[in-house]
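Chain residues, written in single-letter form:
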Amino acid sequence: MMGSNQLQREATDWLILLTSGEATRTNLLALQSWCRQSPSHAEAFASASRLWRALGPALDAASRSEERMARHALPRTESRPIGRRAALGGLLAAGGAGLYVLANPPLGLWPSLSDLAADYHTGIGEQRQISLRDGVSVELNTASSLNLAESGGVERMELISGEAAVAVGANALGPLVIAAAGGESSARMANFNLRHYGSTVCVSCLSGQVEVAYRGRTLTLAERQQATYGEGELTPAQPVDPAAVTAWRERVLIFRNERLDRVIAEVNRYRRGRIILVNPALAERQVTARFKLDRLDDVVTQVRDVFGAQARQLPGNTIVLS
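Residues numbered from 1 in each chain as written. Predicted model: local features only at pLDDT ≥ 70, side-chain atom pairs only at ≥ 80, totals over all residues. Heavy atoms only, no water.

Caption draft 1: Focus on the sheet that holds strand β16 (residues 274-277). The strand order β16-β19-β18 describes an open sheet built from three strands, whose pairing is mixed. Edge positions in the open sheet fall to β16 and β18 (311-314), since each of these has one partner strand only. Within this sheet the neighbouring strands show an average axis-to-axis angle of 20 degrees, counted without direction. Contacts from helix α9 (residues 260-268) reach β16 and β19 (318-321) within the one sheet, and its direction differs from that of β16 by about 165 degrees. (Pairing = 2+ DSSP bridges. Helix = DSSP H or I, 4+ residues; strand = E, 2+ residues; numbered from the N terminus. Axes fitted to C-alpha atoms, helices over the stretch in contact; angles between N-to-C directions. Contact = heavy atoms within 4.5 Å.)

Caption draft 2: Structural context of the pairing of strand β11 (residues 217-221). Alignment of strand β10 (residues 210-214) against β11, held across five bridges, turns out to be antiparallel. Within β11, the position partnered with Val-210 by the bridge is Leu-221. From the end of β10 to the start of β11, which pair antiparallel, there are two residues, and Arg-215 there has a positive phi angle of about 50 degrees.

Caption draft 3: A look at the pairing of β16. The side-chain alternation of β16 yields two buried faces, one formed by Arg-274 and Ile-276 and the other by Ile-275 and Leu-277. Pairing analysis gives four bridges linking β16 to β19, with the strands arranged parallel. Residue pairing for β19: Ile-276 is matched across the bridge by Val-320. (Buried < 20%, exposed > 50% of the residue type's maximum accessible area, 1.4 Å probe, protein only.)

Here it is, written out as structure tokens:
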């Protein structure tokens, strides 16, 4: 019988592959089979995933796995991306602790079950234009998931996670309602942007009017106004710069006097692998910058050069800043 140390080493190797952005459907099916060999296998994968929450142990485990991954690379015989239905079926069959971790990834390292099962889903760094009924279009940003529905002649959507730019034209047949995190945003003729990460939703009205409803409270946003809701709170309308909100559609990220930890969190949404900031003092430093999405490693270079940070490269395109 395989020892617990060997199981943990293999589980760590699986985790590195899964978070590399290069995993295929073949790899996922192989991981499913590995987790189903015994409850110990499934728990070993869950334990390896929990290490990412602790950061320190995770980084040490990843470092020890680098040479092992080079010698014993997991099979990558299929090059196409994991299909959402195939992946969902595989995850549902994994069982136990392994299934829980696959469905609830630590640090958002891979899509959740609900993301994979969505009507529309984008991967890391991917953007997608969706044409719906007459007068309604949606552009999904990176790592975003959207479901469609219709009720009583009203077109409804659910932004499960991520970000979307929405256009409701004059020729739309009726109002559009988008649900996210327990709230709703509705519009008849407007352009607006929704961001849903964690338990927080940010709604930015770019033109027209958008009505935001959350826990019995409603708020009407006019052009160039923004509001945020979540965790029981709905903020008042605030002025917003549309160019900064929609910069992602031009493949650019713009930051103005933003904390470095928030900059890193935003960059991680677009970049395969992960940048991990482990210096609390560094996290509070203010950043004003403009980064192109196809050159996001410039963030690491700037943090190193401007703030004197140390950068450590780990497997899976992971970089630790300290």
